[in-house]
Amino acid sequence: MNSKIWLSSPHMGGTEQKYVNEAFEANWIAPLGPNVNGFEKDLETFLNNNVKVAALSAGTAALHLALIECNVKYGDEVICQSMTFSASANPIAYCGAIPVFIDSESDTWNMCPLALEEAISDRISKGKKPKAIIVVHLYGMPAKMDEIIAIANKYQIPLIEDAAEALGSLYKGKPCGTFGRFGILSFNGNKIITTSGGGALVCHSQEDKDKAVFLSTQARDDAPHYQHSQIGYNYRMSNIVAGIGRGQMEVLNDRVAARRKMHDFYMETFRDIDGVEVFSEPSEDYFSNHWLSVIEIDEAVAGKNREGLRLAFLEDDIESRPLWKPMHLQPVFRDSPYYGQRVSETLFENGLCLPSGSNLTDEDRQRIATVIKNYFSK
Ligand SMILES: *Cc1c(COP(=O)(O)O)cnc(C)c1O
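Remember, it's a predicted structure, so these values are computed and weren't measured experimentally.

Trainee: Would you mind going over unusual backbone geometry with me for this structure?
Mentor: For residues besides glycine, phi is generally negative; the peptide bonds are generally trans as well. For Y139, which is not glycine, the phi torsion reads 55 degrees and is therefore positive. Relative to the helices and strands, Y139 is located in the loop between β4 (132-136) and α6 (145-155). Positive phi values are uncommon outside glycine, yet D317 reaches one of about 60 degrees. Residue position: D317 is located in the loop between α11 (306-315) and β13 (321-322). According to the relative accessible area criterion, D317 is partly exposed, its value standing at 25%.

As structure tokens, then:
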């Protein structure tokens, strides 16, 4: 029996345990210490552009703090890309705010600038200006940042970039996560690098970072006793977890190269199969880390559908997954406003995420290619 091929599994580089051992030797078993500082430095160096990074317990926590720093309060409205993982939208609800969902456009599958502007002017005409915009770089593909930044600037609304899936991706040569007022990163187990669980907030001033660290460590005022004048959170990254992150940063560029090679492999595999498109950069302005390789199947042309391929993979113990179900179609967000057409809905119906791990072998790729060829030739 062949072993299971996962969609995206952790891939250690080899030096992670050295950093974890250092934490044990120095007894830094806490949500602070040299690994936390070191990991933040590594991320700042990698992202460049003078950013300040706060290492946190999760990407979701980073988004929550970004919203708090953008002064999002109970009853406010926050604009969010509809096609994304629920963790992009949940922190809006944590704040007691209301998400306003925006459709995707078909080049990058990310937030449609036209629907974004339509939503902003409609919400303003209804008496409420949105407090923030959350744009996502889905599967590593940068969103149309020039257009989105122009709209955010025009209406003076802070932009939060959910770059949880896009560490190592570039738009016009600049790293995803560094464009917005805040960017967020995730190091969950299935991401391009992982700390087992963790995240980071990318800031553009020391003040914004200090505020995030303050809020993430229970908002303790400067006093010898424990005094609080604000609600705090327990969101700081552990020094053990950060040790894994330092090791992973040493291999991040290799991981990006390996994921991009998986995308090349799928381009080659689907070259002669009609009605299947491998999701790719729309122009030279975009550089995706191809965290996940994704296809869209046109059933009318291919005579096959994504569910059939998913089940064919499953039979050979290969994991694949439909795209993120858009948030405006989720039962939990059914009362939220939505702007757009059916772009994200159609992508959800026809798209499939394929095994994309940086640790897949030639033998794995052979198995994957065989399932694909058999399925589409039947
Ligand atoms: C993984 C992910 C998150 C959440 O990150 P966690 O570290 O798991 O909390 C947020 N947004 C997107 C788009 C993600 O893929």
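What follows continues from the structure just given.
Trainee: Is there a simple way to think about the domain arrangement of the protein in this case?
Mentor: When the parts of a complex come together, some accessible area is lost, and that lost area is often taken as the interface size. Domain assignment breaks the protein into domain 1 (16-251) and domain 2 (253-377). Averaged C-alpha coordinates put domain 1 and domain 2 at centres separated by 26 Å. The partner domain 2 presents 38 residues to the 45 residues of domain 1 that form the contact. Of the roughly 3,800 Å² buried between domain 1 and domain 2, counting both surfaces, carbon and sulfur atoms make up 64%. When the buried area of domain 1 at its contact with domain 2 is split by residue, W109, Y139 and I192 rank highest and sum to 22% of it. Joining domain 1 to domain 2, the criterion identifies zero salt bridges. Along the contact surface separating domain 1 from domain 2 lie 26 residue pairs in polar contact (both at pLDDT 80 or more). Taken together, the elements giving at least two residues each to the side of domain 1 that touches domain 2 come down to β3 (98-102), α5 (113-125) and β6 (170-171). Of the residues that constitute the side of domain 1 that touches domain 2, the class distribution is 24 nonpolar, 11 polar and 10 charged.

Trainee: Before we go on, may I ask you to explain the sheet that holds strand β15 (residues 351-354) in this structure?
Mentor: Across a sheet, paired strands are connected by hydrogen bonds in the backbone, their directions being either parallel or antiparallel. The four strands lie next to each other as β10-β12-β15-β13, forming an open sheet whose pairing is antiparallel. Looking at the sheet topology across the chains shown, the edges are occupied by β10 (276-278) and β13. Here four bridges tie strand β12 (residues 293-297) to β15, and the two strands are oriented antiparallel to one another. For E296, the partnering residue across the bridge sits in β15 and is G351. Along the sheet face, α11 touches β12, β13 and β15 and points at about 25 degrees away from the line of β15.

Trainee: Help me out: how do you make sense of the pattern of salt bridges in this one?
Mentor: If charged atoms from side chains of opposite charge come close, those side chains can pair. The full count for this structure, using the stated rule, is 21 salt bridges. One salt bridge in this structure joins K126 and D122, with 2.8 Å as the shortest N-O distance. Through salt bridges with shared partners, a single network forms among E40, K41, E44, K209 and R236.

Trainee: Would you mind going over helix α8 (residues 239-249) with me for this structure?
Mentor: One full turn of an α-helix is made of 3.6 residues, so residues set three or four places apart face in the same direction. Counting buried positions along α8 yields 10 of 11 residues, so the element is predominantly enclosed. All of the buried residues along α8 are N239, V241, A242, G243, I244, G245, R246, G247, Q248 and M249. Capping the start of α8, S238 holds a side-chain oxygen 3.0 Å from the backbone nitrogen of I240, two or three residues further along.

Trainee: What am I meant to see in the side chain of R255 here?
Mentor: Among the structural elements, R255 can be located in helix α9 (residues 252-269). Looking at R255, its side chain comes within polar contact range of the main-chain oxygen of H11, at 3.3 Å. Excluding anything up to four places from it in sequence, R255 contacts H11, M12, G13, I192, I193 and S358.

Definitions and cut-offs
- Residues numbered from 1 in each chain as written.
- Predicted model: local features only at pLDDT ≥ 70, side-chain atom pairs only at ≥ 80, totals over all residues.
- Heavy atoms only, no water.
- Helix = DSSP H or I, 4+ residues; strand = E, 2+ residues; numbered from the N terminus.
- Buried < 20%, exposed > 50% of the residue type's maximum accessible area, 1.4 Å probe, protein only.
- Domains from an automatic or database assignment.
- Contact = heavy atoms within 4.5 Å.
- Buried area = accessible area lost by both parts, 1.4 Å probe.
- Salt bridge = Lys/Arg side-chain N within 4 Å of Asp/Glu carboxyl O.
- Polar contact = N/O pair within 3.5 Å; in protein donor to acceptor, adjacent residues only side chain to side chain.
- Nonpolar A, V, L, I, M, F, W, Y, C, P; charged D, E, K, R; others polar.
- Pairing = 2+ DSSP bridges.
- Axes fitted to C-alpha atoms, helices over the stretch in contact; angles between N-to-C directions.

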